[in-house]
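Listed below, chain by chain, are the residues.
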Amino acid sequence: MDTILSVLRRCEIFAGLSDADLEVLAKVAKRKDVPAGIQLFLQGQPRERVIVIAEGRVEITRDNGEGPEPVVVLGPGDVAGERSFLAVSRHSATGTTLTAVTLVELDRTQVLENLSQNGATAIAVLSKVANVLQQRLSYAAAPRTGREQAYAGDRTRTESDLLGPLEVPEDALFGVQTLRAVHNFPITGTPTSHFPAMIRALAMVKQAAARANAKLGLLDHGIAAAIDRASQEILDGHWHGHFPTDMVQGGAGTSTNMNANEVIANRALEIMGHQRGEYAFCHPNDHVNLGQSTNDVYPTALRLSTIFMLKGLLEAMERLKDALHAKGHEFTTVVKMGRTQLQDAVPMTLGQEFEAFAVTTGEDIARLQETARLFLEVNMGGTAIGTGICADPRYPQAVVDELRKISGLDVVLAANLVEATPDTGAFVMFSGVLKRAAVKLSKMCNDLRLLSSGPRCGLGEINLPPMQPGSSIMPGKVNPVIPEVVNQVAFQVIGNDLTITMAAEAGQLQLNVMEPVLAYSLATSLRTLTAAVHVLTTKCVVGITANVDRCRDLVEGSIGIVTAVMPAIGYKRATEVAKEALETGVPVRELILRKGYLDAKALDEALSAEAMTQPRPIR
């Protein structure tokens, strides 16, 4: 086991400090062994200590209101809680040991007390911590990771490509080709880092390629191991801020692929003990991109990331379906009026209405799952146009085998790589099903808005949870803001579907160069629809209540209930009763009794809730 001093020395947050400065920290440090499955700290708890991991892995998760989500996995040399040195604060996430962990603990109070006795050490330590945190924030803020970040550092390194030399920020893991893309494509302001699933998918492809090439004897095992480890760090959630390329770009995704190649190459160089930019030892193209082209890497990563993002949407839709089922059960006995063409139709129960919402949501879940299976077919090994140029004949199957292990998905190699390389048909089909789900969600929200309209002058059959004041001028007004926002997200998904359709149609010959806007549109649809479904469930559906008396009054006052007695009195008589009820305002029940078409007992039976809301034998 390393000494406490050596553990601190190899830690990013303290690297570069003198031994004397590190000794001040080591005096109050405590080594600790922790088994797997233990929470080291909880989101919301005060930060009282800094944890330096010596051995093992710790998962950091954050709960934003819909359950814990993984953020990053920390390993040897990583630190948690370092902000406690600078100010009193609370943990923004929860840390749980994935494996048995050996760590070094630094109590905040004791460290600051020791530093207060040595001004020079205090300045050195706190300045180092502040500088590292500032760098992390720079690469975590999406806009600054783009154009401004490219010029933010006062120290640079020179890199060259086909177009000549360019100064790259010294602390950037990306390189010259990424920086050119930042300059060239200030389009949406949405960098690849905005979609972690895409970055993780790219890392999976690069990791699979390195493993396959190493097994085939095509890549030096030391370089392959470093690429493998760098890719795994990205999979674990590290370095995502170093992916600044705009999602919409020319070049069919080449900028995004090179961004991944450069980040992985530079991190691999550090792992091997070299400096960033020393590409003779690990080159973005020659090593990280070995046996690959943007034209098989980018669509493969897009397919994987779509499956990963869909998982979140399906989970949100399952929760919505469950909430709708619960409301269906809760409202089983609430009789109300059904409507067609916004006119009174026949009675039903509010439970039946919500159960129908649940069933239609379940159907969309099934259709999305079915269509997503199309993304399991990939064109890895096809390289430029599907002919496999610059790739070993054994490589395509080998890389797909590795990708299957890494991703946990049943990915298979396309039967014809020349056909598969430009083919975006799967995205068109999937986007159409996604649009279908959005359309049906929007229709449901339209219904919720109508059913809750009022409170005095509308239908008023249900109450939506009041979420905010509804007007800057009308006191007491409360609007159905949650269904409204879901409607708007649905409109965006519908528009994105058209963009995806046009991008797929615009492919020419052996490549579809429009895949970046396809990727951006599809990822945006998945992300926003997932958020909208979650909001609809938690802030609307679960809190809906029924206005039972209002529902009953509308049924009893409606002429639509005459349909229930039509089998007994005939269509002609029923029409006469309906017309007279409409003209005079006399209730249907009273008119039927007055005309002697049915006696009270038979009429009560025909107009019972059971008779009006489900099939019965006709007598």
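See the structure shown above.
Reference entry: report on the structure contained in this document. Not measured: the values here are computed from a predicted model. (Residues numbered from 1 in each chain as written. Predicted model: local features only at pLDDT ≥ 70, side-chain atom pairs only at ≥ 80, totals over all residues. Heavy atoms only, no water.)

1. Some words on the overall build of the protein chain
Scanning the protein chain for helices and strands turns up 23 helices and 16 strands. Based on the C-alpha atoms only, the size of the protein chain along its principal axes is roughly 105 × 65 × 45 Å. A burial count over the protein chain gives 51% of its 619 residues as buried. When contacts within the protein chain are restricted to residue pairs at least 6 apart in sequence, those whose partners lie at least 24 apart make up 73%. Of the accessible surface of the protein chain, which amounts to about 28200 Å², a share of 55% is contributed by carbon and sulfur atoms. Here the protein chain carries 59 positive and 68 negative side-chain charges, and the mean point of each set is 5 Å from the other. (Helix = DSSP H or I, 4+ residues; strand = E, 2+ residues; numbered from the N terminus. Buried < 20%, exposed > 50% of the residue type's maximum accessible area, 1.4 Å probe, protein only. Contact = heavy atoms within 4.5 Å. Areas by Shrake-Rupley, 256 points an atom, 1.4 Å probe, with all protein chains shown as cover. Lys, Arg positive; Asp, Glu negative; His and termini not counted. Charge placed at Lys NZ, Arg CZ, Asp CG, Glu CD.)

2. Looking at the sheet that holds strand 4 (residues 58-63)
As summarised here, the arrangement of the four strands in space is 2-7-4-5, forming an open sheet in which the pairing is antiparallel. Looking at the sheet topology across the chains shown, the edges are occupied by strand 2 (39-41) and strand 5 (68-74). Averaged over all adjacent pairs, the angle separating strand axes in this sheet is 30 degrees, with direction ignored. Bridging between strand 4 and strand 7 (residues 94-97) involves four bridges; their strand directions are antiparallel. Each bridged residue has a counterpart across the sheet, and for Thr61 the counterpart in strand 7 is Thr94. (Pairing = 2+ DSSP bridges. Axes fitted to C-alpha atoms, helices over the stretch in contact; angles between N-to-C directions.)

3. Regarding the nonpolar core
Counting 115 residues, the largest nonpolar core has Leu368 and Leu536 as its most contacted members. Top element by residues in this core is helix 11 (residues 294-330). It accounts for 15 residues. Leave out the neighbours within four places in its chain, and Leu368 touches Leu310, Leu313, Leu314, Met317, Phe430, Val433, Leu434 and Ala437. Counting 28 residues, the second largest nonpolar core, distinct from the first, contains Val50, Phe85, Leu106 and Val129. (Core = buried A, V, L, I, M, F, W, Y, C linked by side-chain atoms within 4.5 Å.)

4. A few points about the packing of helix 6 (residues 176-184) against helix 9 (residues 254-271)
At their nearest, the axes of helix 6 and helix 9 sit 8 Å apart, and the two run at 145 degrees to each other. Crossing handedness for the pair helix 6 and helix 9: left-handed. Only Ser255, Met258, Asn259 and Glu262 of helix 9 make contact with helix 6, whose side of the interface consists of Val176, Gln177, Thr178 and Ala181. Grouping the constituent residues of the contact of helix 6 with helix 9 by class yields three nonpolar, four polar and one charged. (Left-handed = near helix turned anticlockwise from the far one by under 90°. Nonpolar A, V, L, I, M, F, W, Y, C, P; charged D, E, K, R; others polar.)

5. Thoughts on the pattern of salt bridges
Counted under the stated rule, the structure contains 30 salt bridges. A salt bridge links Asp392 to Arg394, with the nearest nitrogen and oxygen atoms 2.9 Å apart. Within this structure, Arg229, Glu233, Arg267, Glu270 and Arg276 form a network of salt bridges that share partners. (Salt bridge = Lys/Arg side-chain N within 4 Å of Asp/Glu carboxyl O.)

6. Focus on unusual backbone geometry
Cis rather than trans, the peptide bond between Gly454 and Pro455 has omega equal to 10 degrees. Unusually for a residue other than glycine, Gln341 sits at a positive phi of about 55 degrees. Structurally, Gln341 can be placed in the loop between strand 11 (335-340) and strand 12 (343-349). Not every positive phi belongs to a glycine, and Cys390 is a case in point at roughly 70 degrees. Within the secondary structure layout, Cys390 lies in the loop between strand 13 (377-378) and helix 13 (395-407). On the basis of relative accessible area, Cys390 is assigned to the exposed category, the value being 70%.

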